[in-house]
Amino acid sequence: MKRWYAVQSQPRKEKLAEQQLQNQGFSTFCPRQRRSRRIGKKVLPVIEAYFPNYLFVELDIEREQWRSVNGTIGVARLVALGSRGSPAPTPLPLGFIEQLRTLADVDAVVRFDEQFKAGDKVRIMSGPFADLCGTIECAPPGERVTILMQLLSESTKVSVSRASVLGA
């Protein structure tokens, strides 16, 4: 059964690693984001990896030669959690990459423009609260939403960028 796995690329080599994996016949996904970056005295729009130094590959580790991923140009390693030695790669949660792909355009630029409403369960994808879940308290039009989270056994309101929130 095919599952998605995280691949750590060499620093700033996500595109190269993605191309090389695709040349080997692997299905890949490298989500990107539009940002503004100061270059010299100018602020220019750029497209960069949403998860710097990481991309994703779809594999059936029972049938495919997944170890070849580690030897691919631009790849540092296939992410594997567990004991030392040569543990098998760790699959991502089911539906995670599929959800990201539905939010991406043809250039793999992910846009989190979901219309949230009070009571929606969400996961924060970036920033200091990354990977934490909460409930939308209010989502006025604009850049930020207010999320009610359980932190240190208390309900806490946090305001985060709408772009960093994904429906759970």
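Residues numbered from 1 in each chain as written. Predicted model: local features only at pLDDT ≥ 70, side-chain atom pairs only at ≥ 80, totals over all residues. Heavy atoms only, no water.

K.L.:
Could you give me a rundown of the packing of aromatic side chains, with the residues and numbers involved?
P.N.:
This structure, assessed with the given rule, holds three aromatic pairs. A centroid spacing of 5.8 Å and a plane angle of 85° characterise the contact between Phe 51 and Phe 56, whose relative ring orientation is edge-to-face. Taking the centre distance of 6.5 Å and the plane angle of 75° together, the rings of Phe 56 and Phe 96 count as edge-to-face. Placement of Phe 56 in strand 5 (residues 54-59) and of Phe 96 in helix 2 (residues 96-102) is noted, with a sequence separation of 40 residues between them. Of the two residues, Phe 56 and Phe 96, neither departs from the other in class, the shared state being buried. (Phe/Tyr/Trp six-rings, centres within 6.5 Å; stacked < 30°, edge-to-face > 60°. Helix = DSSP H or I, 4+ residues; strand = E, 2+ residues; numbered from the N terminus. Buried < 20%, exposed > 50% of the residue type's maximum accessible area, 1.4 Å probe, protein only.)

K.L.:
Requested: an account of the side chain of Asp 120, with residues and values cited.
P.N.:
Looking at the secondary structure, you find Asp 120 in the loop between helix 2 and strand 7 (121-124). A relative accessible area of 18% means that Asp 120 is categorised as buried. Separated by 3.0 Å, the side chain of Asp 120 and the backbone nitrogen of Lys 117 make a polar contact. (Polar contact = N/O pair within 3.5 Å; in protein donor to acceptor, adjacent residues only side chain to side chain.)

K.L.:
Hey, could you go over the sheet that holds strand 1 (residues 3-9) for me, with residue numbers and the actual values?
P.N.:
An order of 2-5-1-6 is seen for the four strands of this open sheet, with the pairing classed as antiparallel. Across the chains shown, the open sheet's two edge strands, defined by having one partner strand only, are strand 2 (27-29) and strand 6 (75-78). Across the sheet, the mean angle from the axis of one strand to that of its neighbour is 35°, orientation sign disregarded. By the bridge criterion, six bridges tie strand 1 to strand 5 in an arrangement that is antiparallel. If you follow Arg 3 over to strand 5, its bridge partner there is Leu 59. The strands that helix 1 (residues 14-23) touches are strand 1, strand 2, strand 5 and strand 6; relative to strand 5, the one it contacts most, it runs at about 15°. (Pairing = 2+ DSSP bridges. Axes fitted to C-alpha atoms, helices over the stretch in contact; angles between N-to-C directions. Contact = heavy atoms within 4.5 Å.)

K.L.:
Outline the pairing of strand 10 (residues 154-161), supporting the account with residue identities and numerical values.
P.N.:
Relative to strand 10, strand 9 (residues 144-151) is paired through eight bridges, and the arrangement is antiparallel. Bridging from a neighbouring strand, Leu 148 pairs with Lys 157 of strand 10. Adjacent in sequence and paired antiparallel, strand 9 and strand 10 are bridged by two residues, among which Leu 152 carries a positive phi angle near 55°.

K.L.:
Summarise the sheet that holds strand 10; cite the residues concerned and give the values.
P.N.:
The five strands lie next to each other as 10-9-8-7-11, forming an open sheet whose pairing is antiparallel. Two strands in the sheet have a free side with no partner beyond their single neighbour: strand 10 and strand 11 (165-167). Adjacent strand axes in the sheet meet at a mean angle of 45° when their direction is disregarded. Summarising the sheet, strand 8 (residues 133-138) and strand 9 pair through three bridges and their orientation is antiparallel. Following the sheet pairing, Cys 138 is matched in strand 9 by Thr 146.

K.L.:
I'd love a proper account of the nonpolar core, names of residues and values included.
P.N.:
Membership of the largest hydrophobic core comes to 16 residues, with the highest contact counts inside it found for Trp 4, Phe 29, Phe 56, Leu 92, Phe 96, Ile 97 and Leu 100. Broken down by secondary-structure element, the contributors of at least two residues to this core are strand 1 and helix 2. With three residues, helix 2 is the largest single contributor of residues to this core. Setting aside anything within four residues of it in sequence, one finds Leu 92 in contact with Arg 3, Trp 4, Tyr 5, Ala 6, Phe 56 and Ile 97. If you look at the next biggest cluster of nonpolar residues, it comprises 14 residues, including Ala 17, Val 57, Trp 66 and Leu 78. (Core = buried A, V, L, I, M, F, W, Y, C linked by side-chain atoms within 4.5 Å.)

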